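The lines below spell out each chain.
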Amino acid sequence: MAASNTQQNYDKYSELKAFDDTKAGVKGLIDAGITKVPKIFIHPEALENNPSNPKTTHSNFPLIDLQNIINNKKEIVKQVQEASETWGFFQVINHGIPVSILDGMLHGARRFHEQDVDIKKPYYSRDVARKVMYNCNFDLFSDKALAANWRDSLYSVMAPSPAKPEELPETCREITIEYSNQMMKLGYTLLELLSEGLSLKPNHLKEMGCAEGLGILCNYYPSCPQPELAIGTSRHADNDFFTVLLQDDIGGLQVLHKDQWVDVPPIHGTLVINIGDILQLISNDKYKSLEHRVLANKIGPRISVASFFSTGPFASSRIYGPIEELLSKDNPPKYRATTMKDFFEYSNKKGLDGSSNLSHYKII
Ligand code: OGA
Ligand code: NI
């Protein structure tokens with residue numbers, strides 16, 4: 001038994017390695033004309049989610065209009081608070097980023113992934129010290145990963161100490177810089193709303209450094225010949241303070257709401273906001289970091305761009321624990337404090353294995 005197990009693991013490793021060495025990602029498999037999903041991508045979560053398993057479309061997925069934020073602040077704060085407590089997810093319209101920049105960012109991400117593979121190869125890496133890297137599955141070789149995800153990604157650190165312009169791929173350089181500048185502004189607006197939703201002063205979360213770090217992840221989900229066997233992104237919660245997601249009109253993103261997978265409907269011009277693990281931790285469970293996933297699809301490619309707000313990956317030794325102002329005798333801290341460095345190292349090593357990052361820090 002042990003011997004056959006070893007054999008199996010060995011085969012899996014060599015298959016992963018051979019695939020990784022192509023540096024061409026899932027896109028490379030499609031370009032080569034495959035018609036079957038290779039074994040390394042066959043994911044148990046996809047089998048669970050075949051059509052005989054009903055999924056819910058929810059007409060009440062929160063949509064918040066940020067128009068007139070100055071005059072309408074109280075109402076908007078209330079909506080943000082409710083959505084963050086119950087869904088951990090909401091969409092925003094009239095967020096201030098021109099639709100042309102959103103569309104431009106999606107096009108830029110697509111241009112990067114669809115250019116000649118030889119131009120992409122120098123960016124292929126899993127070295128977390130790099131400010132710009134392209135790869136297929138950051139956790140491809142993690143023992144705990146159940147199977148590889150059907151997506152390729154380009155990750156760029158945009159704050160603090162951003163990648164130098166010349167380090168960014170030319171195909172999406174200008175738009176990534178412009179999008180990031182706009183995203184930082186929106187990030188601070190959202191932090192104000194989120195702070196007030198916790199009855200803290202408007203700049204509380206900003207002063208804690210919750211939007212100092214920005215990482216931009218451009219995801220490319222090629223069409224999948226057997227979507228019932230693979231998963232675009234396996235279930236996970238984000239390991240940041242909060243995430244702003246831009247998705248095209250194909251769909252496939254789902255949120256685990258009250259034990260049901262619910263579709264996040266694509267609406268052109270909107271952005272999807274979700275609470276990340278660290279904000280759940282510092283809010284002592286008031287705001288929820290919900291699990292989400294992306295289904296594989298025959299229709300593709302699907303493009304999405306995730307903006308992760310953090311303190312900046314491995315730099316920070318600042319300590320984060322439940323915010324004092326939120327604690328009382330009846331609401332003691334539910335988590336031990338951690339540094340961002342520790343949290344990132346833990347979650348990065350663990351990979352998207354379907355388990356929670358937060359349970360590692362939970363005390364009650
Ligand atoms: C992520 C993520 C969703 C999407 O990258 O963390 O959840 O729609 N992406 O690509
Ligand atoms: Ni995510």
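Calculation rules
Positions within a chain are numbered from 1, following the residues in the order the chain's sequence is written. Lettering for chains starts from A, numbering for ligands starts from 1, and both go in the order in which the items are written. For this predicted model, a pLDDT threshold of at least 70 governs which residues receive local features, and a threshold of 80 or more governs which side-chain atom pairs are given and counted, while totals over whole chains, interfaces and linings are taken from all residues. With hydrogens and water excluded, all non-hydrogen atoms of the structure serve as input to the side-chain values. UniProt positions are given in the numbering used here, feature names are shortened, and annotations may be inferred rather than shown by experiment. Every axis in this analysis is a line fitted to C-alpha atoms, fitted for helices over the stretch in contact. Angles between the N-to-C directions lie between 0 and 180 degrees. Numbering goes from the N terminus for both helices and strands, where a helix is a DSSP run of H or I of at least four residues and a strand is a run of E of at least two. The cut-offs work like this: below 35 degrees is roughly parallel, past 145 is roughly antiparallel, 65 to 115 is roughly perpendicular, and the gaps in between are oblique. What makes two residues a contact is simply this: any of their non-hydrogen atoms within 4.5 Å. In the scheme used here, Gly and all other residues not listed as nonpolar or charged are polar, with Ala, Val, Leu, Ile, Met, Phe, Trp, Tyr, Cys and Pro taken as nonpolar and Asp, Glu, Lys and Arg as charged. Ligating atoms shown are N, O and S within 2.8 Å of the metal, or 3.2 Å for Na, K and Ca, and water is not included, meaning a site may look less than complete. Think of it in three bands: with a 1.4 Å probe and only protein chains considered, a residue is buried below 20% of the maximum accessible area for its type, exposed above 50%, and partly exposed in between. Between any two strands, at least two bridges found by DSSP are needed for them to pair. For the handedness criterion, the strands are oriented away from the viewer, and a crossover whose path from the first strand over the helix to the second runs clockwise is classed as right-handed. Nearness is defined per residue: one heavy atom within 4 Å of the molecule or strand is enough. Nitrogen and oxygen atoms within 3.5 Å of one another constitute a polar contact, given that in protein one can donate a hydrogen and the other can accept it, and given that sequence-neighbouring residues count only through two side-chain atoms. Methods summary: accessible areas were calculated by the Shrake-Rupley approach with a probe of 1.4 Å, and residue burial reflects only the protein chains presented.

Taking an unreviewed UniProt entry as the reference, the protein is identified by name as 1-aminocyclopropane-1-carboxylate oxidase -like protein belonging to Capsicum annuum. Recorded under Sequence similarities (unreviewed entry), the UniProt text for the protein is reproduced unchanged: "Belongs to the iron/ascorbate-dependent oxidoreductase family."

A. Inspection of the packing of helix α4 (residues 73-86) against helix α7 (residues 173-197) at higher detail. The geometry of α4 relative to α7 is characterised by a closest axis approach of 8 Å and an angle of 80° between their N-to-C directions. Judged on the interaxial angle alone, α7 and α4 are roughly perpendicular. Contacts between α4 and α7 pair K73, I76, V77, V80, Q81 and S84 from the former with E192, L193, L194, E196 and G197 from the latter. The class makeup of the residues in the contact of α4 with α7 is five nonpolar, three polar and three charged.

B. Seen up close, the coordination of the nickel ion (ligand 2). Coordination of the nickel ion (ligand 2) by the protein involves H236 (NE2), D238 (OD) and H292 (NE2), with metal-donor separations of 2.1 Å. For the nickel ion (ligand 2), all donor residues lie on one chain, and their spacing in sequence is H-x1-D-x53-H. Of this pair, H236 sits in strand β6 (residues 231-236) while H292 sits in strand β11 (residues 292-295), and the two are 56 residues apart along the sequence. For H236, a relative accessible area of 13% gives the class buried. Since its relative accessible area comes to 7%, H292 is described here as buried.

C. Spotlight on the pairing of strand β2 (residues 89-93). Of all the five residues making up β2, four are buried; the element is thus mostly covered by neighbouring parts of the structure. With three bridges joining them, strand β1 (residues 63-65) and β2 adopt parallel strand pairing. Within β2, the residue paired with L63 across the bridge is Q91. Taken together, β1, α4 and β2 constitute a β-α-β crossover, and its handedness is right-handed.

D. Quick peek at the site of ligand 1. Ligand 1 sits among 13 residues. The nearest are Y221, H236, H292, R302 and S304. At a separation of 3.4 Å, an oxygen atom of ligand 1 approaches a polar side-chain atom of N219. Relative to its unbound accessible area of 290 Å², ligand 1 is 96% covered by the protein chains. Counting residues per element, the ones that place at least two in the shell around ligand 1 are β5 (213-221), β11 and β12 (302-310).

E. Structural context of the sheet that holds β11. In space, the four strands of this open sheet follow the order β6-β11-β8-β9, with antiparallel pairing throughout. Looking at strand neighbours, the two that pair on one side only are β6 and β9 (260-263), the edges of this open sheet. Ignoring strand direction, the axes of neighbouring strands in this sheet form an average angle of 30°. Pairing between β6 and β11: three bridges, direction antiparallel.

F. Up close: unusual backbone geometry. With an omega of -15°, the peptide bond between A159 and P160 qualifies as cis. Here the residue pair G300 and P301 is connected by a cis peptide bond, since its omega of 5° sits within 30 degrees of zero. Phi at N68 takes a positive value of approximately 60°, unusual for a residue other than glycine. Here N68 is to be found in the loop between β1 and α4. When its relative accessible area of 47% is taken as the criterion, N68 is described as partly exposed.

G. Highlighting the side chain of N219. Residue placement: N219 occurs in strand β5. Within polar-contact distance, the side chain of N219 engages the side chain of S153 at 3.0 Å. Setting aside residues no more than four positions away along its own chain, N219 makes contact with H113, R151, D152, S153, R302, I303 and S304.

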